[in-house]
Amino acid sequence: MFKHLFKLIWNKKKQNFLLICEMLISFMVMFAVFTMIVNYYQNYKKPMGFKYNDVWVINFNNAHVFHNTDSMTLYYETVRNVLKSMPQIKEVSFAASNIPFANSTSTTGFTYKNKKYNYINRYHAGDDYHKVFDMQVLEGRWFDQQDAATAYKSIVINASFKEMMFGKGKAVGQLIGDDEDKKAKKMRVIGVVTDMKDKGDYKPSGTAIFSRVDTGMMHYIGQIVIKVAPNSGAAFEGQVYKAMTTTMKEASIEIEHLTQKRDSMNKETLIPIIILLIIAGFLIINVALGLFGVLWYNINKRRGEIGLRRAIGASGSAVAGQIVTESMFLATLSLIIGAFFAVQFPILHVFDLAASVYITAIILAIIFIYLLVLACSFYPGRQAAAVYPAVALHEE
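Cut-offs applied
Residues numbered from 1 in each chain as written. Predicted model: local features only at pLDDT ≥ 70, side-chain atom pairs only at ≥ 80, totals over all residues. Heavy atoms only, no water. Buried < 20%, exposed > 50% of the residue type's maximum accessible area, 1.4 Å probe, protein only. Helix = DSSP H or I, 4+ residues; strand = E, 2+ residues; numbered from the N terminus. Pairing = 2+ DSSP bridges. Core = buried A, V, L, I, M, F, W, Y, C linked by side-chain atoms within 4.5 Å. Contact = heavy atoms within 4.5 Å. Phe/Tyr/Trp six-rings, centres within 6.5 Å; stacked < 30°, edge-to-face > 60°. Salt bridge = Lys/Arg side-chain N within 4 Å of Asp/Glu carboxyl O. Axes fitted to C-alpha atoms, helices over the stretch in contact; angles between N-to-C directions. Parallel < 35°, antiparallel > 145°, perpendicular 65-115°, else oblique. Left-handed = near helix turned anticlockwise from the far one by under 90°. Nonpolar A, V, L, I, M, F, W, Y, C, P; charged D, E, K, R; others polar. Polar contact = N/O pair within 3.5 Å; in protein donor to acceptor, adjacent residues only side chain to side chain.

Digging into the pairing of strand S6 (residues 153–158)
In terms of burial, S6 is a largely internal element, 5 of the 6 residues being buried. Strand direction decides the pairing type here: S6 and strand S8 (residues 187–193), joined by 6 bridges, are parallel. From the neighbouring strand, Ile155 faces S8, where its bridge partner is Val189. Note that S6 and strand S9 (residues 208–212) share 3 bridges and pair antiparallel. Each residue of the ladder has a partner; that of Val156, found in S9, is Phe210.

Right, dumping it as C-alpha cells:
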C-alpha cells in the first residue's frame with residue numbers, strides 16, 4: 001500500500017513539493033513557538049527563590065559631596081537608621097542597580113582551573129539583603145561586619161554556580177578568581193544561597209555571585225531595598241518619601257514596588273512569544289487553507305479515478321482513507337526533513353537551552369502538524385467518498 005502511495009505522490013512530485021515545503025515551514029515555525037513555550041513553562045514551574053511581596057525599592061540620585069570616607073559612612077548609616085526607626089519597615093539594605101525585576105544587569109567572568117566561567121551575574125548587596133528577600137542560605141552564612149577587613153574578598157554564590165564549579169563538593173571556604181590575571185585578588189566563598197529568578201517568572205535564575213557593599217562601593221550605590229509590613233499603603237509610602245527627602249536633601253527620590261516591577265517585566269518577557277504566536281497563527285491559517293484547497297482541487301481532477309475505484313468495489317471509507325493517508329504520508333516526509341534540522345539544536349547546544357526543551361518542542365510540533373493535516377484532509381476525504389461511480393464515469 002505504501003509503495004502504491006509513494007508512486008502516486010512521485011507522479012505528482014512538482015505539485016506535492018509545494019505542499020511538503022509548506023508543511024516543513026509550518027513545522028519549523030511551530031518548533032520555534034513550542035520551544036519558547038516549553039522553556040517559559042519549565043522556568044515558570046521553578047520556585048522564585050525569594051519573596052518580593054511587601055518589598056519596596058527606593059531609588060536615589062545623590063548629589064551630596066563627601067569630603068572623606070568617614071563622612072560618607074556616617075551619612076548613609078544615618079539614612080539607614082532613619083528607615084529602620086520606622087515601625088512598619090522590617091529590614092533595610094543598600095543594593096546595586098541590578099535588583100530583582102530591574103532592567104539592569106551586571107556580569108563578570110574569569111578563568112579558574114583552566115575552565116572559563118562567563119556571564120556570571122554579579123550583585124552588590126548589603127548585610128541585610130538576604131533578610132529583605134527572605135533568601136534561604138543553604139551553606140555557610142551571609143555577609144556581616146567581620147567581612148569588612150579580610151585578606152580575601154568575601155562572596156556568596158547561588159546554588160547553580162556552586163553546582164557548576166564544585167558539583168556536590170564543598171563550596172564554603174574555597175578561593176576562586178581569575179587564574180590568568182595574576183594581579184586579580186582571590187575571592188573566598190562564605191555561603192551558598194538558593195537561586196533567585198530575579199528577571200521574572202519566565203526566565204531562569206542563572207549563575208550568581210553576591211559581593212558585600214563596602215565603603216568603596218557606596219559611591220556607586222543608588223538603591224535601597226526595604227521590607228515593609230503587610231498592607232502598607234500609599235499613606236505610609238508618603239511617610240517614607242518625606243523621611244528620605246528630609247534626610248537626603250540633595251537627592252532625587254523615587255519609590256517603586258517590586259510586585260509592580262515583576263508584572264511589568266513579565267509583560268516584557270511575554271511580548272515576543274505573543275508576536276510569534278500571532279505570526280504563526282496567520283501562517284498556519286494560510287497553510288491550512290492551501291492544503292484544503294489543493295486536496296479539494298485534486299478530488300475534482302481525480303473524479304474519474306475515484307469513480308473507477310468505486311465501480312470495481314472500493315467502499316466510500318476506503319476512498320476517504322486513501323485521501324487522508326496520502327496527506328499524512330506527505331506530512332511524514334516533511335516532518336522527517338524538519339526533525340533532522342530541529343534535532344541539531346540540542347546536539348549543538350544552541351541558545352544553551354536544556355535538551356528536554358527541544359525534544360518536547362519537536363514532539364509537540366510533530367503532533368500539531370499531524371493534527372492540522374488530518375483536520376484539513378478529513379472533509380475532502382468525505383467528499384471523495386460521496387462521489388457516485390456512475391456519475392463520475394459518465395462525466396469522464
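Having seen it, we continue.
A short note on the nonpolar core
The biggest cluster of nonpolar side chains holds 29 residues, and the ones touching the most others in it are Ile224, Ile226 and Val240. When contributions to this core are tallied by element, the ones reaching two or more residues are strand S1 (55–62), helix H3 (69–84), strand S2 (89–95), strand S10 (223–228), helix H6 (234–247) and strand S11 (251–257). Ranked by the residues each element gives to this core, the list is headed by H3, at 5 residues. With residues near it in sequence (within four places) discarded, Ile226 still touches Asp54, Val55, Trp56, Ile58, Leu83, Ile89, Glu91, Val92, Val132 and Val240. Counting residues in each nonpolar core, the second largest holds 26 residues, with Ile20, Leu335, Ala342 and Cys376 among its members.

So, the packing of aromatic side chains
All chains considered together, the criterion is met by 27 aromatic pairs. Each ring, one from Phe110 and one from Tyr117, has its centre 5.8 Å from the other, and the planes form 40 degrees; the classification is tilted. Owing to a relative accessible area of 6%, Phe110 belongs among the buried residues under this scheme. Taken together, the ring pairs in this structure connect Phe50, Tyr52, Phe101, Tyr123, Tyr129, Phe133, Trp142, Phe143 and Phe210 into an aromatic cluster.

Looking at the pattern of salt bridges
All told, the structure shown has 12 salt bridges when counted by the stated rule. The closest approach of N and O atoms between Asp134 and Lys227, which form a salt bridge, is 3.6 Å. Of this pair, Asp134 sits in the loop between helix H4 (129–132) and strand S5 (137–140) while Lys227 is found in strand S10, placing the two residues 93 residues apart along the sequence. On the basis of relative accessible area, Lys227 is assigned to the buried category, the value being 16%. Asp214 serves as the salt-bridge partner of Lys153, at 3.8 Å between the closest nitrogen and oxygen. Of this pair, Lys153 sits in strand S6 while Asp214 sits in the loop between S9 and S10, and the two are 61 residues apart along the sequence. Taking relative accessible area as the criterion, Lys153 reaches 30% and is therefore assigned partly exposed. With relative accessibility at 32%, the residue Asp214 sits in the partly exposed group.

Some details on the pairing of S9
In terms of residue burial, S9 counts as a mostly covered element, since 5 of its 5 residues are buried. Both faces of S9 are covered, namely the face carrying Ala208, Phe210 and Arg212 and the face carrying Ile209 and Ser211. Across 5 bridges, the pairing between strand S4 (residues 115–125) and S9 is parallel. Opposite Arg122, over in S9, you have Ile209 as the bridge partner.

What to know about the environment of Ala229
Residue position: Ala229 is located in the loop between S10 and H6. C-alpha separation for the pair Ala229 and Gln88, spaced 141 residues apart in sequence, amounts to 5.1 Å. The residues contacting Ala229, other than those within four sequence positions of it, are Asp54, Gln88 and Lys90.

What about unusual backbone geometry?
For Lys113, which is not a glycine, the phi torsion comes out positive at approximately 55 degrees. For Lys113, the location among the structural elements is in the loop between strand S3 (107–112) and S4. Lys113 gets classed as exposed once you look at its relative accessible area, which sits at 61%. Here the phi dihedral of Asp352 falls at roughly 55 degrees; this positive angle occurs in a residue that is not glycine. On the secondary structure map, Asp352 appears in the loop between helix H10 (344–348) and helix H11 (355–385). On the basis of relative accessibility, which here comes to 71%, the residue Asp352 falls in the exposed class.

Topic: the packing of H3 against H6
The contact between H3 and H6 brings their axes to 10 Å, and the two run at 160 degrees. With respect to their mutual orientation, H3 and H6 come out roughly antiparallel. As for how H3 packs across H6, the hand of that crossing is right-handed. Between H3 and H6, the residues in contact are Tyr75, Thr78, Val79, Val82 and Leu83 and Val240, Ala243, Met244 and Thr247, respectively. Class assignment of the residues belonging to the contact of H3 with H6 gives a composition of 7 nonpolar, 2 polar and no charged.

Things to note about the side chain of Gln223
Of note, Gln223 is situated in strand S10. According to the relative accessible area criterion, Gln223 is buried, its value standing at 12%. At 3.2 Å, the side chain of Gln223 and the side chain of Asn59 are in polar contact. A polar contact of 3.4 Å, which involves the side chain of Gln223, links it to the backbone nitrogen of Ser97. Excluding its chain neighbours within four sequence positions, the residues that come into contact with Gln223 are Val57, Ile58, Asn59, Phe60, Ser93, Phe94, Ala95, Ala96, Ser97 and Ile99.

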